[in-house]
Amino acid sequence: MKHAPWLWAILFALWLVLSWHFTPLFLFFGVVTCSVAVFVAMRMAIVDGESLPVHLVWRAATYVPWLVWEIFKSNVRVARIILSPRIRVDPSIVHFRASQRTDLGRFIYANSITLTPGTVTTGIVGDDFEVHAIVQEEIDGTEENVMNRRVARLEGEVA
Amino acid sequence: MFAVAAAAVLVSMVLAMVRAALGPTAYDRVLALNNIGAKTVVLIAVLGFVNGRPDFLDLALAYALINFIGTIAVLKYIEYGDLGVGTPRETGTE
Amino acid sequence: MGDIVSVVVWVLLLSGAFFLVTGSLGMVRLPDVFTRMHAAGMVDTMGAGLTLAGLCVYSLHDGANLVAVRLVLVLAFLWFTSPIATHAVAKAALSGGTTPYTVRGAEAGGEVDDRTGAAPEAARKAPGDGERGGGDTR
């Protein structure tokens with residue numbers, strides 16, 4: 001339950017940023033609202049390291065910019081496909097093997113795959129990823145391997 | 001300059017609406033609808049800047065979340081036939 | 001506002017507009033729902049991202065303020081929810097019996113579909129009619 005204070009702090013920071021009123025009344029409302037939200041979340045038993053991966057934040061600081069750059073590159077690739085006079089797509093469903101150990105790592109990897117245009121994760125069974133790729137030759141696995149390793153590193157030792 | 005961005009968002013919304021109208025399957029329509037929602041978020045943000053009153057950003061925030069939940073709800077309804085809880089996937093799809 | 005900032009904002013907004021319109025064009029042009037998902041992903045990631053980044057740079061020109069923070073929050077929500085929605089569409093479409101459009105003959109190499117059980121036989125019996133087969137979902 002060490003994540004509950006984290007959740008409360010994040011929610012209250014969000015409250016402060018969105019309201020930006022510092023009168024005692026509004027601060028009181030914020031405290032009450034965040035407490036109720038944390039209470040409900042704890043009753044639902046969803047407050048843990050999986051829903052609140054605070055231990056990943058520092059390593060994510062290097063992962064996210066790299067991911068944004070990957071997204072940009074694959075955006076340009078898909079844009080070229082779309083803007084060509086004749087659409088030449090060769091979509092197929094490819095299978096990857098993910099090397100993450102935790103479900104959270106797999107979740108991050110799957111969402112990273114989906115977030116880069118040109119590849120969409122359609123299903124996960126164990127560590128077997130089912131990925132729909134818009135052009136199959138370009139997805140030869142090298143980029144996904146890089147992403148796989150990066151997510152595995154992001155996931156780190158802590159579970 | 002924000003008017004240009006707003007115009008681009010509107011043009012792309014029209015294109016997505018064409019897909020929503022044509023879309024042979026329901027999933028095409030849901031996809032287009034979700035996409036229109038994402039564009040609406042951008043449009044709200046841009047229009048705030050066009051008016052010089054970027055206070056609408058809270059609306060954009062709320063719209064982003066509601067759009068997501070709405071998409072998930074529609075998909076769940078299409079897939080399972082009702083929005084009740086606990087319908088197992090195996091029995092719900094066919 | 002400074003010239004450099006103005007140029008940066010213009011570039012960001014115009015490239016964002018480019019990706020928005022291109023992604024939407026892709027949604028109209030591409031053959032089936034799975035390929036259209038990639039185009040929709042373009043709109044959600046770079047289209048919205050670059051446009052909001054342009055707005056963010058513009059508002060940061062007045063110094064750090066709440067508007068920029070909120071823009072970052074909007075973008076974060078969009079980027080968190082977009083892949084989940086896309087994946088939900090993909091999963092629903094697959095389990096709803098939609099067959100992914102494939103170009104016939106391209107399935108020779110690599111570890112390609114066949115053990116997904118996602119109606120591969122329909123994909124195989126699709127006529128090999130080149131690139132714009134129009135999708136076999138209609």
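The structure we're discussing is the one just above.
Read on for a plain summary of the structure. None of the values given here were measured: they were computed from a predicted structure.

With 43 residues of chain C in contact, the opposing surface of chain A contributes 43 residues. Summed over both sides, the interface between chain C and chain A buries roughly 3700 Å², with carbon and sulfur atoms accounting for 70% of that surface. Between chain C and chain A we count 0 salt bridges in total. At the level of secondary structure, the elements contributing two or more residues to the side of chain C that touches chain A comprise α1 (3-29), α2 (33-60) and α3 (66-95) of chain C. Ranked by the residues each element gives to the side of chain C that touches chain A, the list is headed by α3(C), at 13 residues. The class makeup of the residues in the side of chain C that touches chain A is 23 nonpolar, 12 polar and 8 charged.

It is characteristic of soluble globular proteins that their nonpolar side chains tend to be buried jointly. Formed by 91 residues in total, the largest nonpolar core has its most connected members in Y63(A), F129(A), M147(A), L55(C) and L71(C). By size, the runner-up hydrophobic cluster in this structure holds 7 residues, among which are A4(A), V38(A), V47(A) and L52(A).

It is worth spelling out the interface of chain B and chain C at this point. Chain B puts 42 residues into the contact, and the matching count from chain C is 47 residues. With both sides pooled, the region where chain B packs onto chain C buries about 3900 Å², and carbon together with sulfur makes up 79% of that total. If you sort the residues of chain B by the area they bury against chain C, M1(B), Y27(B) and L31(B) come out on top, with a joint share of 17%. On the surface where chain B and chain C come into contact, there are 2 salt bridges. We note a salt bridge from D58(B) to R70(C), for which the minimum N-O separation is 3.2 Å. Where chain B touches chain C, the interface holds 9 residue pairs in polar contact (both at pLDDT 80 or more). Among the elements that make up the side of chain B that touches chain C, the one with the highest residue count is helix α2 (residues 26-50) of chain B (14 residues).

Our next topic: the sheet that holds strand β2 (residues 119-125) of chain A. Consider a sheet: its strands pair through backbone hydrogen bonds, and that pairing is either parallel or antiparallel. Within the open sheet, the 3 strands sit side by side as β1-β3-β2 (chain A). Their pairing is antiparallel. Every interior strand has two partners, whereas the edge strands, β1 (92-97) and β2 of chain A, have only one. Pairwise comparison of adjacent strand axes, ignoring direction, gives a mean angle of 30° for this sheet. Where β1(A) meets strand β3 (residues 128-133) of chain A, 6 bridges bridge the pair, whose relative direction is antiparallel. Looking at the pairing, R97(A) lines up with D128(A) of β3(A). Contacting β1, β2 and β3 of chain A, helix α4 (residues 103-115) of chain A crosses the sheet at an angle of about 150° to β2(A). Where α2(C) meets the sheet, its contacts fall on β2 and β3 of chain A, and the angle it forms with β3(A) comes to roughly 85°.

Rules of the game
Residue positions are given per chain, counting from 1 as you read along its sequence in written order. Labels follow written order: the first chain is A, the first ligand is 1, and so on. Predicted model: local features are reported for residues with pLDDT of at least 70 only, side-chain atom pairs are reported and counted for 80 or more only, and whole-chain, interface and lining totals are derived from all residues. Side-chain measures here rest on the full set of heavy atoms in the structure, leaving out hydrogens and waters. We call two residues in contact whenever any of their non-hydrogen atoms come within 4.5 Å of each other. Two parts placed together each lose some accessible area under a 1.4 Å probe, and adding up what both lose gives the buried area. Salt bridge, as used here: a side-chain nitrogen of Lys or Arg that lies within 4 Å of a carboxyl oxygen of Asp or Glu. Working definition: helices are DSSP H or I runs of at least four residues, strands are E runs of at least two. Numbering for both runs from the N terminus. Residue polarity follows a fixed list, in which Ala, Val, Leu, Ile, Met, Phe, Trp, Tyr, Cys and Pro are nonpolar, Asp, Glu, Lys and Arg are charged, and the others, Gly among them, are polar. Side-chain atoms within 4.5 Å are what join buried Ala, Val, Leu, Ile, Met, Phe, Trp, Tyr and Cys residues into a set we call a nonpolar core. To sort residues, take the accessible area from a 1.4 Å probe on protein chains only and compare it with the maximum for the residue type: under 20% means buried, over 50% means exposed, and anything in between is partly exposed. As used in this structure description, the phrase polar contact means that two N or O atoms lie within 3.5 Å; if the pair is within protein, one of them must be able to donate a hydrogen and the other to accept it, and residues adjacent in sequence are counted only when both atoms belong to side chains. A pair of strands counts as paired when DSSP detects no fewer than two bridges linking them. Here an axis means a line fitted to C-alpha atoms, over the contact stretch when the element is a helix, while the angle between two N-to-C directions is reported on a 0 to 180 degree scale.

Interpretation note: all reported values are geometric properties and have no functional meaning in isolation.
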